[in-house]
Amino acid sequence: MDSVIQTSPSFWVIIFGYFALVLGFGSFFARYNKTTQDFFFSGRRFSWWLITMSIVATGVGSHSFLKYSAKAYEHGFSSTMTYMNDWFFMPLFLFGWLPIVYYTKIRSIPDYFERRFNPGVRILATVAILGYMIGYIAIGFLTMGKTLEPLLGIDLYTIIFIVAIISGIYITFGGQTAVIFTDLAQGFILIFSGILVFILGINYVGGFDIFWGALSPEFKLPLANFNHPANFNFVGIFWQDGVAGSVGFLFMNQGLIMRFMACKSVNEGRKAAVFNVLVLLPISTVVVSNAGWIGKAISIVTPESWNTATQLDHVFTQVAYLITGSEVVFAFVIAAVAAALMSTVDTLINAVAAVVINDIYRPIVKDKDDKHYLKVAMIVSAGATAVGALSTIFFNNFPTLYEAHGFFHSTMTPPLVVAIFLGIFWKRYSTPAAFATFLGGAILMWIGSKYPQIFISPFDHGIEFNPDRPYSYIRALYNTLVCAGSGVIVGLLTTPPSEEKMEGLTVWSLDKAREFFKGSAPNDRPGKSLLAKWIVKDCEEGEVRFSIGDMETMGADVGDLVYLADERKWLGGLKSVHSVYGEPHKEDGVVYITQFDVERGLFDEKRKLMAEKEL
Amino acid sequence: MLDFSRTWVPYIYLYGVGGGIFLIGMFIILRSRSLKLERVRHKEWYKILIFGFFYYMGIHGLFTFAAIGETVFAALIGLIMIAMTANLIFTLFKKPKGVG
């Protein structure tokens, strides 16, 4: 057992000061929640850069700092594998799933399943997705407990209880806009603090050359050994994380999907996703892993300063404590981990609320006003926080967070991932086939977990059988195959759904989805965005009016969709509205808008508006 | 000295199986006309998708060479990647020429 790290009151002042700042930030943005649409999707108005930074904070969860530092300390640079294998699915995400969820205006992933199949499949998807998200929330809380355990020296579950209360408060009142803006700030903070740990760590061991020279060539390889040891091998992690985890995160993480749906357009969503995977993920992987590499270098270069009794999940905290050299900096780094926790958990709590309200509550309690649903959404957010905190008891049974997370991905994601994939890309995939994926897949997965040496071993790629935790990672391959196999066999044996039923819901009919989104045929004539003064005038409801010349510049026709935003680009679309082009007038450089749109967009009198045709 | 099975087999598996997934994805989005190459903006996305695949191949290749002490190859890959990244940033920040 590693000892308790000594801290003074100033350390806790900084930590709690940070939490107070985050709570205040969330409360400030709560004023933008006027409807459930705002609470969950932020009115689809944000720029790509704002969304991509907030995605960093969601993706780089608090579990990342601890679990990757642990594996980095044990196995070296191959701890980066998880963050560096997401590109393979990008074509299908950018030009398949993303435009489908955006254009069909689905409220949740289960909502897609009802439209594509029927209400029964929606129920199965709801159960699966809630299980996935609650598990994710639990791992987040468990991480925070393990981060603070060596600092506080008090019971793990007491820490989790306190953290859950603080997290729950601001997400319950803030909603999606609070989540996005809090995550934006936290994204910057955690990247900065992770790099700070790396720089201070390199300095601590005596410079980069000493750091690099101290580590063995095998430790520095970016990919793990192909099939051993059983608790960390390349091929198992490829299927568990590169396939099940990546697809799970991109395609079925309701929180992430909601973030993309908060983008002002599909193209902005694509930019956010690509920038995140190409630029921010490679940076993030260094941010979350480097404490482990530094810890290993310290244990070789200055073994006397390294506590050999340090538990693997405490490597990050131990390294941060050693290298920062000042309690203020140490407190800042720990606050960044807290930032990562909140950013992951807040997104998921908001997502759980979206699924519960839209997929369970609204179908049962119909015809209530929006304020009622908003209030229930807040109560559900608080409930999700509590359930997530309770679920930490299960995940605490695993030896490390990495293994807990690996087991979770391998088991929870395959049925939903397969159903989403076949639903989007295979036209023959019918309602009975979707049932077979969920139910048949679940039964075969259970049989596989019961008799792994018979069913999973044919796919084990030579990975050693560990009777305590059989095939933790490679079971993802078996689970994915049995779910896909069940769906494909039943799909081939049953009548395919009609083309009309699937219109706009598969990658084969995206033009229909765009038409559905707009309400008429899309206008793809090239045009430019422009700046215009705004004047309040009586227009038709939901319309804005530009001059004939301005509409020509934008390549727009009456009835096309337009996006209007405050001219200050750094606001990232916070003050903006979507509207429709009405009949043109004759004043160039001026847009007529209604008082309702001015209030909805929170427009300033002295500021011009940037106008851009959408579709 | 690390043998081939330790250094390059995982790399070949990653970009062999992962590459297969990537190619199937590209085939589906082109075949379904979700990605329309006649659109200027879509053509840019097509280039970015191809770029991303080789970019990650480059990162893993660079670090593998660096780990086994082949610094010349690592530096060469690094230079190519810097040029490719600069090109990508230019593409992303360019004004859009159309919608969709």
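Relevant structure appears above.
The structure reproduced in this document is the subject of the present report. (Residues numbered from 1 in each chain as written. Chains lettered and ligands numbered in written order. Predicted model: local features only at pLDDT ≥ 70, side-chain atom pairs only at ≥ 80, totals over all residues.)

### What to know about the overall build of chain A
- Scanning chain A for helices and strands turns up 25 helices and 6 strands.
- By principal-axis analysis of the C-alpha atoms, chain A measures approximately 80 × 65 × 45 Å.
- Across the 615 residues of chain A, 58% fall into the buried class.
- In chain A, once contacts between residues fewer than 6 apart in sequence are set aside, the share between residues at least 24 apart is 83%. (Helix = DSSP H or I, 4+ residues; strand = E, 2+ residues; numbered from the N terminus. Buried ≥ 20, exposed ≤ 12 C-beta atoms within 10 Å, placed from the backbone. Contact = placed C-beta atoms within 7 Å.)

### With respect to the sheet that holds strand 6 (residues 609-613) of chain A
All names here are of chain A.
- If you walk across this open sheet you meet the 6 strands as 2-4-3-6-1-5, and the pairing is mixed. Looking along the sheet, the strands with just one partner apiece sit at the ends: strand 2 (543-544) and strand 5 (590-593).
- The pairing of strand 2 with strand 4 (residues 576-581) spans 2 bridges and is classified as parallel. Counted as the bridge partner of valine 544 is tyrosine 581 from strand 4. (Pairing = 2+ DSSP bridges.)

### Things to note about the pairing of strand 1 (residues 530-536) of chain A
Residue and element names in this part refer to chain A.
- Inspection of the sheet shows strand 1 paired to strand 6 by 3 bridges, in the antiparallel sense. For leucine 530, the partnering residue across the bridge sits in strand 6 and is alanine 611.
- By the bridge criterion, 4 bridges tie strand 1 to strand 5 in an arrangement that is parallel. What sits directly across from tryptophan 534, in strand 5, is valine 591.

### As for the pairing of strand 6 of chain A
Residues and elements named next belong to chain A.
- Side chains Leu609, Ala611 and Lys613 project from strand 6 onto a buried face, and the interleaved Met610 and Glu612 project onto a face without burial.
- As paired elements, strand 3 (residues 561-566) and strand 6 share 5 bridges and run antiparallel to each other. Paired with alanine 565 across the two strands is methionine 610, which belongs to strand 6.

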